[in-house]
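An overview of the molecular structure
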Amino acid sequence: MTKSPRSDPLDAVTRDETVCVIPIRVQEDILRARQSSRGAAAAIGFGTVDQTRLATVVSELARNILTYAGTGECRVVSRLTPVERSIVIEMEDSGPGIDDIADAMMPGYSTGGGLGLGLPAVHKLMDHMSVETRPGRTLIQASMARRR
Ligand SMILES: Nc1ncnc2c1ncn2[C@@H]1O[C@H](COP(=O)(O)OP(=O)(O)OP(=O)(O)O)[C@@H](O)[C@H]1O
Ligand SMILES: [Mg+2]
């Protein structure tokens, strides 16, 4: 949950490529971001099941931005190391921040009348997830890796 992919000793030979940056402002942007994540995953050989998992994660995080922050940005990053290929989703907003991350990660916790299942789903579906949040800035990074 807290380990940053950038602390990996393979950093020196890690190649990150930001495949796309999608502003999240309206509902249709969620679809755009979903499609971008699918495309980026397909491009490095992820199967359709993983593509669907990524699209689900992007949907949940983007919907949270629209609901709780208003607007934000989704970045889809393709990461290659000698042993792994990963897709990293970075979702950033300038909203009010998440009050209590531990609460927010708990299934059933919602301040917006939702089911409170979005963030727990992201945690479950991805290999790594990190949350940086304070009033004025929230950055959620989540990655899915496959052996090369
Ligand atoms: N980008 C964000 N900015 C501020 N608060 C957030 C953000 N994303 C999530 N939260 C907080 O974390 C809580 C849990 O989010 P989560 O996605 O798990 O559930 P939900 O959005 O309330 O419901 P669901 O996703 O099941 O419809 C939210 O209710 C909200 O309080
Ligand atoms: Mg949600």
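Residues numbered from 1 in each chain as written. Chains lettered and ligands numbered in written order. Predicted model: local features only at pLDDT ≥ 70, side-chain atom pairs only at ≥ 80, totals over all residues.

Per an unreviewed UniProt entry, the protein carries the name Serine/threonine-protein kinase RsbT and comes from Methylobacterium bullatum.

**Here we look at the environment of Pro 82**
Counting through the fold element by element, Pro 82 comes out in the loop between strand 2 (72–80) and strand 3 (84–93). In sequence terms Pro 82 and Arg 148 are 66 residues apart; their C-alpha atoms lie 7.4 Å from each other. (Helix = DSSP H or I, 4+ residues; strand = E, 2+ residues; numbered from the N terminus.)

**Let's talk about the UniProt feature "domain: Histidine kinase/HSP90-like ATPase" (unreviewed entry) in the protein**
Residues annotated in UniProt with the feature "domain: Histidine kinase/HSP90-like ATPase" (unreviewed entry) correspond here to residues 49–148. Structurally, residues 49–148 is divided into 33% helix and 37% strand, and its ends, taken at the C-alpha atoms, are 17 Å apart. (UniProt positions renumbered as here; feature names shortened; annotations may be inferred.)

**Comments concerning the nonpolar core**
Counting residues in each nonpolar core, the largest one holds 26 residues, and the members touching the most others are Val 57, Val 58, Leu 61, Ala 62, Cys 74, Ile 87 and Ile 89. Among the elements of the structure, strand 1 (15–24), helix 1 (27–43), helix 2 (48–69), strand 2, strand 3, helix 4 (118–125) and strand 5 (137–147) are those that each provide at least two residues to this core. Sort the elements by how many residues they give to this core and helix 2 lands first, with six residues. Residue contacts for Ile 89: discarding those within four places in its chain leaves Ser 37, Leu 54, Val 57, Val 58, Leu 61, Cys 74, Val 76 and Ala 142. (Core = buried A, V, L, I, M, F, W, Y, C linked by C-beta atoms within 7 Å. Buried ≥ 20, exposed ≤ 12 C-beta atoms within 10 Å, placed from the backbone. Contact = placed C-beta atoms within 7 Å.)

**Topic: the site of ligand 1**
Taken together, the neighbourhood of ligand 1 is formed by 24 residues, with Asn 64, Ser 110, Thr 111, Gly 114 and Gly 118 sitting nearest. At the level of secondary structure, the elements contributing two or more residues to the shell around ligand 1 comprise helix 2 and helix 4. Per-element tally for the shell around ligand 1: the top contributor is helix 2, with six residues. Here the residues of the shell around ligand 1 sort into eleven nonpolar, eleven polar and two charged. (Near = placed C-beta within 6 Å. Nonpolar A, V, L, I, M, F, W, Y, C, P; charged D, E, K, R; others polar.)

**Comments concerning helix 2**
If you check helix 2, its first and last C-alpha atoms are 30 Å apart, about what 22 residues at 1.5 Å a residue would give, namely 32 Å. Considered for burial, the residues of helix 2 that qualify are Arg 53, Leu 54, Val 57, Val 58, Glu 60, Leu 61, Ala 62, Asn 64 and Ile 65. Those residues of helix 2 that are buried lie in contact with strand 1, helix 1, strand 2, strand 3, helix 4 and strand 5. Once helix 2 ends, the next one or two residues include Gly 70, with phi positive near 95°. (Expected span 1.5 Å × (residues − 1).)

**Some remarks on the packing of helix 1 against helix 2**
A pair of packed helices is captured by two measures, namely the crossing angle of their axes and the spacing between those axes. At a closest axis distance of 8 Å, the pairing of helix 1 and helix 2 adopts a crossing angle of 150°. As the angle between them shows, helix 1 and helix 2 are arranged roughly antiparallel. Crossing hand, helix 1 versus helix 2: right-handed. Packed against helix 1, whose contacting residues are Asp 29, Ile 30, Ala 33, Arg 34, Ser 37, Arg 38, Ala 41 and Ala 42, the element helix 2 presents Asp 50, Gln 51, Leu 54, Ala 55, Val 58, Ser 59, Ala 62 and Arg 63 at the interface. Residues that form the contact of helix 1 with helix 2 fall into these classes: eight nonpolar, three polar and five charged. (Axes fitted to C-alpha atoms, helices over the stretch in contact; angles between N-to-C directions. Parallel < 35°, antiparallel > 145°, perpendicular 65-115°, else oblique. Left-handed = near helix turned anticlockwise from the far one by under 90°.)

**Thoughts on helix 1**
Residues spaced three or four apart along an α-helix point in a common direction, a consequence of the helix completing one turn every 3.6 residues. Taking 1.5 Å of rise per residue, 17 residues should cover 24 Å, and helix 1 covers 25 Å from first to last C-alpha, within 8% of that figure. Those residues of helix 1 that sit buried are Ile 30, Ala 33, Arg 34, Ser 36, Ser 37, Arg 38, Ala 40 and Ala 41. If you follow the buried residues of helix 1, they end up packed against strand 1, helix 2, strand 2 and strand 3. Directly after helix 1, the chain includes Gly 45, whose backbone phi takes a positive value near 90°.

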